[in-house]
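Take a look at the letters that make up each chain.
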Amino acid sequence: MKQTQRGRYSFVVYIAAYMGLRWSEIATLRPDDVDLKARRVRIRTEESKNGRERSVGYPRFMHDRFRALTLKADPDGLLMPDLAEPKNQESWFLTVRRKAGLNEGFVFHDLRPRSPCPPAPR
């Protein structure tokens, strides 16, 4: 796997673990969903599990990566377009899980916190 792919996918893990976003929410983020000034990401109504738009803060250490992705992305496209490819979640996560020595029952959704994330510090 190329270094850039590893870096992108490791960031996906951070998004799930620190922000509590689902795979489908991460894969469908658009550049204009990222508010760099407020350090928040908008989850659109159509992507939200409960059908309500929401905004989730992110920790300061994730800011530069969000900024780089936002600047690089097609303004009318997805923030991370390769995540929307069919079977992408399964293929890369199976490899990561195996390399990390995690059991087969561990799924991407398990990365998400069990309780609501506190707002990101301002």
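Note: the structure precedes this text.
In this text, all values refer to a predicted model and were calculated from it rather than measured experimentally.

Participant: Explain the overall build of the protein chain to me, please; I cannot follow it from the model alone.
Facilitator: Along the protein chain, the regular secondary structure elements total four helices and three strands. Tracing the protein chain from N to C terminus, the helices and strands come up as α-α-β-β-β-α-α. Every one of the 122 residues in the protein chain was classed for burial, and the buried ones make up 39%. For the protein chain, the proportion of contacts with a sequence separation of at least 24, taken over those separated by at least 6, is 58%.

Participant: Can you walk me through the sheet that holds strand β1 (residues 34-35) in this structure?
Facilitator: Hydrogen bonds between backbone groups are what pair the strands of a sheet, and the pairing can be parallel or antiparallel. On the basis of which strands lie adjacent, the open sheet formed by three strands has the order β1-β2-β3 and antiparallel pairing. For this open sheet the edge positions go to β1 and β3 (54-57), each flanked by a neighbour on one side alone.

Participant: Help me understand the pattern of salt bridges, please; the structure alone is not making it clear to me.
Facilitator: Where charged atoms from two side chains of opposite charge come close, those side chains can pair. According to the stated counting rule, one finds six salt bridges in the structure shown. Glu25 serves as the salt-bridge partner of Arg54, at 2.9 Å between the closest nitrogen and oxygen. Residue Arg54 is found in strand β3, and its partner Glu25 is found in helix α2 (residues 23-27); the two are separated by 29 residues along the sequence. In this structure, Arg42 and Asp32 form a salt bridge, with 3.8 Å as the shortest nitrogen-oxygen distance. Linking Arg42 in strand β2 (residues 40-43) with Asp32 in the loop between α2 and β1, this pair joins segments that are 10 residues apart in sequence. Its relative accessible area of 26% is what places Arg42 among the partly exposed residues. Residue classification places Asp32 among the exposed positions, given a relative accessible area of 51%. Each of Asp32, Asp33, Arg42 and Arg44 takes part in one network of salt bridges that share partners.

The rules behind the values
Residues numbered from 1 in each chain as written. Predicted model: local features only at pLDDT ≥ 70, side-chain atom pairs only at ≥ 80, totals over all residues. Heavy atoms only, no water. Helix = DSSP H or I, 4+ residues; strand = E, 2+ residues; numbered from the N terminus. Buried < 20%, exposed > 50% of the residue type's maximum accessible area, 1.4 Å probe, protein only. Contact = heavy atoms within 4.5 Å. Pairing = 2+ DSSP bridges. Salt bridge = Lys/Arg side-chain N within 4 Å of Asp/Glu carboxyl O.

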